[in-house]
Structures are given as C-alpha cells and as structure tokens.
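# A structural walkthrough
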There are 2 protein chains.
Amino acid sequence: MSKHLISLAAALALASPTFAQDEPQGAPSPNEIVEAASADEWITIPAEDLLVMTLAPDAQGNKRKVVIQLMSEPISQGWVENIRTLARAKWYDDISVNRVQDNYVVQWGDPNYDNPEADGEEKTLPEGLRVMGEDEYTSSLAEWQAENARRDLERQDEGVLLAPSKPEPYPDWHSRDAYASWVDFYSGWPVATSGFSWDQVWWPLHCYGMVGVGRKYSPDTGSGAELYTVIGQAPRHLDRNIALVGRIVSGMEHLSSLPRGTGALGFYTEDEFDKRTPILTVRVASDLPEADQPNFQYLDTESESFARYAEARANRRDPFFIVPAGGADVCNIPVPTRTAASG
Amino acid sequence: MSKHLISLAAALALASPTFAQDEPQGAPSPNEIVEAASADEWITIPAEDLLVMTLAPDAQGNKRKVVIQLMSEPISQGWVENIRTLARAKWYDDISVNRVQDNYVVQWGDPNYDNPEADGEEKTLPEGLRVMGEDEYTSSLAEWQAENARRDLERQDEGVLLAPSKPEPYPDWHSRDAYASWVDFYSGWPVATSGFSWDQVWWPLHCYGMVGVGRKYSPDTGSGAELYTVIGQAPRHLDRNIALVGRIVSGMEHLSSLPRGTGALGFYTEDEFDKRTPILTVRVASDLPEADQPNFQYLDTESESFARYAEARANRRDPFFIVPAGGADVCNIPVPTRTAASG
C-alpha cells in the first residue's frame, strides 16, 4: 500500500517508480493529500451531468469509452441543455473525430459541418435547440454566489459538514495570471474574473481536457453539436470567445493520442479520412441502465483537502523536488476526480 | 496566397478553414505577422545545435523523424555537451520510447535505466561525460547579458541591422506569471527570473515541446542519456528542478500521439513492451552529409516582428475573436520556427 502511495506520489515527478524503495523522506505529495481526503470531501457527479461517448474500437480491437462531465449551473447551461437534447435525439451517433491539431484541440461532430464542398449533406439538427448570445460566455458574480449558497444549504441538509473557507491570505497565484485579474475554482471548475465588484463577470477556463463548443464566426455561438477538447497548453485566449460545457473525466487518452491531421487547423485531409475515429454513441449517463452508469466524484474545491492539494501543487516538497515553485498556474491544478469505486 | 494566409490566420482559432471566403475583416493574426517578418529577423540554427532522431517507421510504414534544437549558451551547456557526446558515440541508437504519460511527458532512453529488475543490463555510458551540479539548473544574469552582447556584436559584424529594443512599457504579462517574478525570451528560449539584481538567476521554462534530462533523486542531475519532452500543460513546477536542454522543432506529433503507458508515471508495463517505439539513430546534424542536414530558423525574439507577434498572441483581434485576452502565458507564445526553405 505505502509503495503504491509512493508511486502515486511520484506520479508527477520524473523518477522511476521502481525507485520507490530508495525513496528519500519528504512532505506529502499532492496525490498523497488527495488519497487522504475524507469521504465527505468528495462530491458525486449526478448521472444527468455525465455523457458517455463510445468510440469505435481501436486497431487492436480494444474498446474506447470517453466520459464527459457537463458544466454545473449557472455556467453555459443553454449549450449544456442542447447537448442533452442532441444526445437524447441520438444526433451524435455515427459522427466522427474530424480534427486533431497538436498542442491545441481534438474536435468531433458532423464531418460535413461548415463544409461548402459537402453542401446540403450537413446532418439536420433536432428541433428545440436553444440559440445563445455571446453574453452567455460569462456569468455575473451575483448569479454564482446565489447558486453557491443554494448548493451549500443543500449539502448542509444532506448533513455534510462544510469545510472552513480557504486559508487566508489567498496564495498569490490567484492574482498572478496573465489572462485575468483573479483565477479560482467554482463548484469544481477553474474560473476567472476581471474584478470583484457586483457588475463583474466570471467565466470558465480552457484548461487541458476541458470541452468546448465549436462555432463559426461571430455572432454564431454554436449549438453544441460540434465539440472539442483541449490537448495541449491551455489556449486561454479562447476564454470568453467560445462556450465551455464540461471536461473529460475518463478516457482522455483515447482522444489525445489520436493521429494529428495534416490539413489546415489539424483537420484530416481527404486522403486521410480513414483516420477519422467513428463515434458510435453518445448517451446521458442517467439514460443508461443502472448497471452501465459510470459513477464519478470530484474533490470538493471548497474543501480543506483541496486547499492543501492546491498549495502542494504550488510548492512541491515531495522527495523529487529541490526548489518549490512558490505558485502554480490554475490549469496546473487539475481538479481531482475518481470513480466512486476507488479510494 | 491570401486564402493560404487566412488559413494560417485561422490556425489558432476554431473556425473551419473552408470558411475563409466568408472571412470577416480583422487585424493581422499572430501567424500573419510572422509570415510578414523580414529575412533579417530569422536566425539560422547552427547544424551543431540540431539533433536528428529517427524513430522506427509507424504501423503503416511511414518514416518518423524528430528534430531537436539544443539549448544555446550559456544555458545547460554541460548536459548539451554530454548529449553531443552520447550521439557521437551512437549511444542513443537502438534505445526506445519507454514512457508516455498523458498531459505530462514522453520519455526515451535505455529501457533498463534505473530498473532493479534489469540489474546489470543497463547500457554502459561512454567515457568523458560531465557531471553537473544542481546550481547549473540556473544561470546568472551577468553571464546571460555578456553572452547577449557577444551575439549582438557578432550579428552586427554580419551586417544585420539589429531591431530596436522591445516596446516600452513591457506588456504586463511578463510579470503576471504564477511561477516567477518575470518571464521573457532569451535568444529564442522562454526564460524566467526571480528578480533583477545582479545576483539573481535566470532559468529556462518547461513549455510544450521543450526537452529535458531525466534524473534520479537529488543530488543526481542526470547525464543526458535519459530525455523527455513536454506533451501537455507546461509543468513549470519542474523548472529549476531538472535540466532543460532544448526543444522539438519538427516531428513533435510523432511523440505526442504515441499510445499512453498504463503503468505508474505512464511507463509501458511488461505486457505492453510492444508499444515501446524503437529509436533507430540520433545524430548531430553537423555530422550528417550536407544534403541530409535539416535547415531550421527561429524568429529572433529581440526582433520587432516577434514583439508584434507576442502582442497579437496576448490580444487576438483577428476575425474569430470577440474579446482580446489582454495577456498571454509565456508558454502560449511559442517561438516561431521554420525550415529555411519556407517563407
């Protein structure tokens, strides 16, 4: 067990796990802190907020399943609702991954989306999709605080002892961000704001593994039919320019390791259409038979353990490290998730 | 040509390139600024600073070549010299990629490196490798300024008209970094410092595609035989904890798209050793026949065009964008490189 923990502890270092037996003493690693978190600090993701995307098996016949957690209220809910509608209409079935751009994004949807050469062949969207405005790329602080208060009450009613608010003073990485005046976590999501007055807005961040909505030029905001995930350095310049609707909680490697497209923007060119990965089905987990429903949890970003985890990410003192950084990029503090089975 | 430029302009956006003909007007994109840079602003990388790594062909029999630019003086030169020694001793021939950890690193070297189960089977290193101290993870500002002055004189002697110094005031993303008090570019490399007095040190940064030296626990600093490259969010917590020796300038997709290892730290487990990618040869480009030598250039990070490119990365005003970010992470301003053929 302890050797297992040490491997986990080393999992963000470059040392060999087989080196564990010679492991020097050190402070707990971020992963050891997460492993030690109490059951109360883990929040179960509602099945209604999980999408199960089944890709065609790989060349060796191995199954490929990707699980996506949809964004929480009040963020991007118009697109999130559209995505549930599209999944329930089975619109995503038999589409494909059409674009893989190195150090940027993997994008899936209708291969004929926005393609003049395939005029008229574009897949028809179901009825009742909402059309969102660009102002919905952000939310007001007031909305978020109200939603936060509602969640806290709900959890108190469930008998969960709420963790003390984050240690004061806030570590200064919150304000040492090149893209925003303040970065933080809200209900398990990385977010940013341009300030703190009530008229200020907050928005979610394009970190690795986040899922967004492809769109055409402004004022188009996309429907949710065309989706992408980040597979490289956080393209934070897309924040507030495009809707984020969730993140990949399982199976990311099935997308990040796909062959890169050689066309502009990493789209597969006509002579490499065979590299497009077929998407067999996309289902809302709550629509699956009980036995097939994935069960994921994320570490409460308001919890004591998350605060300690974030501090340890910013100041690595576990054995491999000789100089703690003194800070961390918000996208380098991935919110821990686990299957309810584990831990 | 203009359509080609527009595709390039869109290359960091999520719009479809086939949409170019309806392209709304906008400011030049970062890539358009790079395309317009003058010949004088491109610096040719000496063949002595390029490593050509040939991987075994892929499953379809396609050739896979990776080109690495070695770090410039005075950074990490002990390790860089070791790497030239190892390449010239053909030590890297017939090693393999043994580790692929999603959103972290791809690592290659001796499959028996630091592996107790393979006691005695570790590949013998050549004579004459230097052993570096941990103080060599950083360099003094004085050294760098001296080296900079030497380079400027050299370029003036070559008749290159040096670009005016960067526009004042410096854009504030330089000081809005979670890991350091100042981030910048030095001779084409992303770097940081903890301050500006003469006793302060500078160090290179773990951005996407940078190449570093695997090591064991401190005080080991690695020889250069075990190498890795970053394939995800910049793991800046490794800065000053491990030596960086270069970056991949071509063929990154051959490493970033490899299947992820399922073992601890992304190492391939015994039952997936067949996923290890064989490395056939690694050569210093200057040792290759003239005709086989790659010819790469990078955009002078002291040039006017680079300053405009960085500003445009921080404030996207090209057609796809509706809100300029107002800043950019230093690792989201990749230094443009090109083959001398292009442009």
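Above this text sits the structure in question.
## Description of the overall build of chain A
- Along the backbone of chain A there are 6 helices and 15 strands.
- Per-residue burial for chain A yields a buried fraction of 58% across its 343 residues.
- Residue pairs at least 24 apart in sequence account for 69% of intrachain contacts in chain A once pairs closer than 6 positions are excluded.
- In the structure as shown, chain A presents an accessible area of about 13700 Å², 52% of it carried by carbon and sulfur atoms.

## Quick word on the state of the cysteines
Residue and element names in this part refer to chain A.
- Counted according to the given criterion, the structure contains 2 disulfides over all chains.
- The partner cysteine of Cys-207 in its disulfide is Cys-331, sulfur to sulfur 2.0 Å. Taking the sign of the S-S torsion, about -70° here, the bridge from Cys-207 to Cys-331 comes out left-handed. With Cys-207 in the loop between strand 9 (201-204) and strand 10 (210-213) and Cys-331 in the loop between helix 6 (304-314) and strand 15 (337-339), the pair connects residues that are 124 residues apart, well separated along the chain. We note that Cys-207, like Cys-331, is buried.

## Description of the sheet that holds strand 6 (residues 139-140) of chain B
- The sheet built from 4 strands is open, its strands ordered 6-9-8-7 (chain B) with antiparallel pairing. In this open sheet, the two strands that pair with only one neighbour each are strand 6 and strand 7 (182-186) of chain B.

## Description of the interface of chain B and chain A
- Contacts between the two partners involve 76 residues from chain B, matched on the other side by 77 residues from chain A.
- For the pair chain B and chain A, the summed buried area comes to about 6400 Å², and 57% of that belongs to carbon and sulfur atoms.
- Counting the contacts that link chain B with chain A gives 0 salt bridges.
- Across the contact surface, chain B and chain A share 26 residue pairs in polar contact (both at pLDDT 80 or more).
- When contributions to the side of chain B that touches chain A are tallied by element, the ones reaching two or more residues are helix 1 (2-10), strand 4 (95-101), strand 5 (105-109) and helix 5 (252-256) of chain B.
- Looking at the side of chain B that touches chain A, the element that brings in the most residues is helix 5 of chain B, giving 3 residues.
- Taken together, the residues of the side of chain B that touches chain A sort by class into 40 nonpolar, 20 polar and 16 charged.

## A word on the relation of the copies chain B and chain A
- Overlaying chain B on chain A yields an RMSD of 0.0 Å, the required transformation being a rotation through 180° with an accompanying axial translation of 0.0 Å. In symmetry terms, the pair is related by a two-fold rotation axis.
- Of the interface residues in chain B, 100% have counterparts in chain A that sit at the interface too, so the contact is made through matching surfaces.

## Describing helix 6 of chain A
All names here are of chain A.
- Helix 6 sits mainly inside the fold: 8 of its 11 residues count as buried.
- Within helix 6, burial applies to Ser-305, Phe-306, Ala-307, Tyr-309, Ala-310, Ala-312, Arg-313 and Ala-314.
- Residues of helix 6 that are buried in the fold lie against helix 2 (30-35), strand 7 (182-186) and strand 14 (296-299).

Criteria and cut-off values
Residues numbered from 1 in each chain as written. Chains lettered and ligands numbered in written order. Predicted model: local features only at pLDDT ≥ 70, side-chain atom pairs only at ≥ 80, totals over all residues. Heavy atoms only, no water. Helix = DSSP H or I, 4+ residues; strand = E, 2+ residues; numbered from the N terminus. Buried < 20%, exposed > 50% of the residue type's maximum accessible area, 1.4 Å probe, protein only. Contact = heavy atoms within 4.5 Å. Areas by Shrake-Rupley, 256 points an atom, 1.4 Å probe, with all protein chains shown as cover. Disulfide = S-S within 2.5 Å. Pairing = 2+ DSSP bridges. Buried area = accessible area lost by both parts, 1.4 Å probe. Salt bridge = Lys/Arg side-chain N within 4 Å of Asp/Glu carboxyl O. Polar contact = N/O pair within 3.5 Å; in protein donor to acceptor, adjacent residues only side chain to side chain. Nonpolar A, V, L, I, M, F, W, Y, C, P; charged D, E, K, R; others polar. Least-squares fit on C-alpha atoms with pLDDT ≥ 70 in both.

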